[in-house]
Amino acid sequence: MGFLFGGKGTTTRADKLGDFQINSASYGEVVPDILGTTRVSGNVIYWDDFTAHEHKQTQRAGKGGGSKHTNITYTYTVAAAIALCEGPIQSVGKVWVDKEVFDYPNPNIQLTLFNGSLGQSPWPYVVGKHPEKALPYSGLAYMAGVVDLGDRGSLPNYNFEVRGKLLSTGDGVDVNPADYILQVLKSAGMGDVQIDGLDNYRRYCAAADLLISSPPSMSAQKAQQIINDIAEMTNAYLFWSNNKLKIVPLADEAVGSWSPDKEIKYDLGIDDLIPGSDGQLVLYSRKDSSECYNQASVEFINRSNSYEKEVVSFEVVADVQRNGLRPASVKTAHYLYTKKRAMYLAEQLAMKQLYAKNQYTFRLDWAFCRLEPGDLVTLTDEICQLNKQVVVITAVNEANDGQLEITAVGKPPGTYSPAKYDVHENERPFVDYNQPVPSISKLSVIQPPGDIAGDELLLAVTAPNGWGGCNIWVSDSGTAYKQIGTLNHRARIGSLVSGLTDTGTTCTVKMSYGELKSGTHIDAERGNTVCWLNGECLSYETATLQANGNYVLSGLVRGQYGTTAVSHNAGEEIVRLDEALFRAPYRTEDIGKPIYIKCTSMNIFGGQEQDLADVEAFEYTIKPYYIPEVSNLTLYTKYYDLGQGVKSYDVVATYKPPNITSFDTAEAWYRESGQWQYGGNGNGQVIISGCELGKTYDVRVQVKDVHGNYSQGVIKSIQVVMKSEKPNTPQGFRVSFSDRAYFNWLEVRNADVDYYELRSDLNVGSR
């Protein structure tokens, strides 16, 4: 505030704001897709023309008005656009401006709606004032206008009631959950997913008046989580069945024109239930009484109270009077916007928490494969004192032995229809789970390059039909064995029908088991069809099945992963390297030692495993796997004058590393005589310092991979001698500029170079 004195008047001037303050703009915010009707605050996406407007007010005072006082204040306006959600939307209802509420449209709002239709026109104000900034924001619903800010430098606190999409599926305000789920799947790129039972679920939600809208506080969520939340909130089961998504309402009583499915699928008894290892037909568990809640509370958004959060509760009065109040934790249901709907959900939750306290687990054979979650069955078991107890299935799983393991919860007494299927009058097929176990036909042990396996053995087995997998045991003595894993797949193993030269690109293979599928040339180059052929990795492009059952593999890419393409004879084994092989890790110190491998097979039901003593042991000696060497190894000497007559020489080794992804480094070792000494490591060059004039050095370069293993190494020799020739002119001279000039050239190696001169003239050697 300032005062200016002059004459008989005074002036008071308010501080003038210099910039607009944004209070609701965030970069990278998720653009919500509003289904139904909800309240949002929006996000400022554009502002411009922040303008201060000066206002003067003059008052005269004193005798005869001889003095006057002028008060100067400022008000401000700004052109702003506030993004609401993804469009197109139907309309905007109420608008909250600070503490005032208006129905749109109203001049006090000072904003105009752009509903987010595709191809909508830009805001005319920006088109006229700043055409270079005029964006249409196609597909985005937003409000825009020139806002009178008063004497502050920020927008009022706006909130908007947005009437979004799918209003016609509900009551014109909220959305039917069935259509909400379809929209979520469509937005996730799964619009072609079929949902079994969707029409029945839609009728249930409409009859129960369980209509929903998008929550006011929306963040990025997985489609699966959104759909599961809606299903739970509407008291429904959602699950996959026969490659379809299925949804089943769980309400027990009829609502309006909708009636629940009370048809019993099966009456299950002693002839149907498969006993467990302890002889029990049904495993019964009951919630602790402290967990049998008789009060359920639901937090919802009350639209009639300006979208404020509220909580409603429902109590099972009879149980409260008998056992006292046992409240459950509050359930958040911000998809609901009316008290009536929240109360209905609270009632459903209270009944479910109280009466679904008994859980039953039992097993059936595959004659009952029709059963799925949501189905009703009855259980009769004298041990558990069950006599046609009605239960609803909550989960169906396949046990390790191939049987169906079913979990169900109790249903309250009521009127149910008779069982739909009667299996007791029919002779069910007998399944023999004790079928004999065939042994494996062959075990192949492969040690491929480090890019494929590293310190791992690949175990491939073939076996006859009826084989259901095997446990793998290893011993280093042939007496005491340890299980290291389980193999459930037969490998694709075959043999060459005819020989293959080191340059051949086609071969014929007879498979012992499995099929070979064709790929593309890119698949072959990337090793997606890689095979192991007696020490060589190769991939094929096309696999053509012949009438005699053989395969012709063409478009071969040879010598992959650092292996060498060599000739192969007819009859050599070829193995497709894929996920059907078992990976058995070993330690580096185990190289050179024999191990003994046994495979105890099981039948197709995973039972009747062979006894370890009855299985033949396979002996294998672990070898170092092949690591390719460096190429183009070159040695040369480099001279240094250390001063005072002392000269030093380096031996420089340059090379090209092998083209393998598991390459770590290359180590150089040297010797004049006797033991090898470490000279250093590098990727393309190693410098060995301190070498003496006149002596001959052997240099060995070994490749080390990321697994810590080494190649055999490449050896070359060099004698350190004086090189008195005239130095060659440096080649490859180039200059680059940034904040300074950088000069580069290739090193001169034909002479012992003392130094290089960089001159701007031709007077070599002069200062």
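Bear in mind the structure is a predicted one, so any value in this text is a computation, not a measurement. (Residues numbered from 1 in each chain as written. Predicted model: local features only at pLDDT ≥ 70, side-chain atom pairs only at ≥ 80, totals over all residues. Heavy atoms only, no water.)

1. Thoughts on the confidence of the model for the protein
Consideration 1: Within the protein, residue pLDDT values average 87, and 93% of them lie at 70 or more.
Consideration 2: Residue range residues 1-7 is modelled with pLDDT below 50. Its contacts to residues more than four positions away, or to other chains, number 13 contacts. (pLDDT = per-residue confidence, 0-100. Contact = heavy atoms within 4.5 Å.)

2. Looking at the packing of aromatic side chains
Consideration 1: On inspection of all chains with the given rule, the structure shows 17 aromatic pairs.
Consideration 2: Each ring, one from Tyr 307 and one from Tyr 337, has its centre 5.8 Å from the other, and the planes form 70°; the classification is edge-to-face. Placement of the pair is Tyr 307 in the loop between β16 (295-302) and β17 (308-315) and Tyr 337 in the loop between β18 (331-332) and α6 (339-355), with a sequence separation of 30 residues. Each member of the pair Tyr 307 and Tyr 337 is classed as buried.
Consideration 3: What links up through ring pairs into an aromatic cluster is the set Phe 733, Phe 743, Trp 745 and Tyr 756.
Consideration 4: Between the NZ or CZ atom of Arg 39 and the centre of the ring of Trp 96, over which it lies, the distance is 4.2 Å.
Consideration 5: One cation-aromatic arrangement involves Arg 700 over Trp 676; the distance from NZ or CZ to the ring centre is 4.9 Å. (Phe/Tyr/Trp six-rings, centres within 6.5 Å; stacked < 30°, edge-to-face > 60°. Helix = DSSP H or I, 4+ residues; strand = E, 2+ residues; numbered from the N terminus. Buried < 20%, exposed > 50% of the residue type's maximum accessible area, 1.4 Å probe, protein only. Lys NZ or Arg CZ within 6 Å of the ring centre and 35° of its normal.)

3. What about the sheet that holds strand β14 (residues 264-268)?
Consideration 1: One open sheet accounts for six strands, arranged β14-β20-β21-β22-β19-β15; its pairing is mixed. Edge positions in the sheet fall to β14 and β15 (282-286), since each has one partner strand and no second. In this sheet, adjacent strand axes meet at a mean angle of 30° when their direction is disregarded. (Pairing = 2+ DSSP bridges. Axes fitted to C-alpha atoms, helices over the stretch in contact; angles between N-to-C directions.)

4. Focus on the packing of helix α2 (residues 177-187) against helix α4 (residues 223-233)
Consideration 1: Their axes nearest at 10 Å, the elements α2 and α4 cross at an angle of 175°. If you check the angle between α2 and α4, you find them roughly antiparallel. Of the residues in α4, those touching α2 at Pro 177, Tyr 180, Ile 181, Val 184 and Leu 185 are Ala 223, Ile 226, Ile 227 and Ile 230.
Consideration 2: Per-class residue counts for the contact of α2 with α4 are nine nonpolar, no polar and no charged. (Parallel < 35°, antiparallel > 145°, perpendicular 65-115°, else oblique. Nonpolar A, V, L, I, M, F, W, Y, C, P; charged D, E, K, R; others polar.)

5. Notes on empty space enclosed by the protein
Consideration 1: With the rule as written, the count across this model stands at three cavities of 30 Å³ or more.
Consideration 2: Approximately 60 Å³ is the volume found for the largest cavity.
Consideration 3: In this structure, the largest cavity is lined by Tyr 46, Ala 81, Pro 122, Trp 123, Val 126, Lys 133, Ala 134, Leu 135, Tyr 137 and Tyr 142.
Consideration 4: Each pocket or cavity is described by its volume, and for the second largest cavity that value is around 50 Å³.
Consideration 5: What lines the second largest cavity is simply Pro 449, Gly 450, Asp 451, Tyr 561, Tyr 625, Tyr 626, Ile 627, Pro 628, Ile 660, Ser 662 and Asp 705.
Consideration 6: Tallied by class, residues from the lining of the second largest cavity come to seven nonpolar, two polar and two charged. (1 Å grid on protein atoms, 1.4 Å probe; cavity = no way out; pocket = protein on both sides within 12 Å on 5 of 7 lines; lining within 4 Å. Points joined across faces, edges and corners; volume = space filled by probe spheres on them.)

6. Let's talk about the environment of Tyr 586
Consideration 1: Summarising the element assignment, Tyr 586 is placed in the loop between β34 (582-585) and β35 (594-603).
Consideration 2: Each C-alpha atom of the pair Tyr 586 and Val 699 lies 31 Å from the other, and the pair is 113 residues apart in sequence.
Consideration 3: Not counting the four nearest positions on each side in its chain, Tyr 586 is found in contact with Gln 447, Gly 454, Asp 455, Glu 456, Leu 457, Ile 591, Ile 622, Lys 623 and Tyr 625.
Consideration 4: Only 3.2 Å separates the side chain of Tyr 586 from the side chain of Gln 447, close enough to count as a polar contact. (Polar contact = N/O pair within 3.5 Å; in protein donor to acceptor, adjacent residues only side chain to side chain.)

7. Quick look at helix α3 (residues 198-207)
Consideration 1: The set of residues buried in α3 consists of Leu 198, Tyr 201, Tyr 204 and Cys 205. Along the axis of α3, the buried residues cluster in a sector spanning 120°; they form a single face. (Arc of directions from axis to C-beta.)

8. Looking at the nonpolar core
Side chains that are nonpolar tend, in soluble globular proteins, to be buried together.
Consideration 1: Membership of the largest hydrophobic core comes to 43 residues, with the highest contact counts inside it found for Tyr 180, Ile 181, Tyr 201, Tyr 204, Ile 230 and Val 298.
Consideration 2: Per-element tally for this core: the top contributor is α6, with seven residues.
Consideration 3: Filtering out sequence-adjacent residues up to four positions away, Tyr 204 remains in contact with Leu 210, Thr 234, Asn 235, Pro 249, Ala 251, Trp 258 and Tyr 344.
Consideration 4: Counting 42 residues, the second-largest nonpolar core is a separate cluster that includes Leu 459, Ile 472, Ala 668 and Val 720. (Core = buried A, V, L, I, M, F, W, Y, C linked by side-chain atoms within 4.5 Å.)

9. A word on the packing of α2 against α3
Consideration 1: With their axes 8 Å apart at the nearest point, α2 and α3 run at an angle of 130° to one another. As the angle between them shows, α2 and α3 are arranged oblique. Of α3, the residues touching α2 (which contributes Pro 177, Ala 178, Asp 179, Ile 181 and Leu 182) are Leu 198, Tyr 201, Arg 202 and Cys 205.
Consideration 2: Grouping the constituent residues of the contact of α2 with α3 by class yields seven nonpolar, no polar and two charged.

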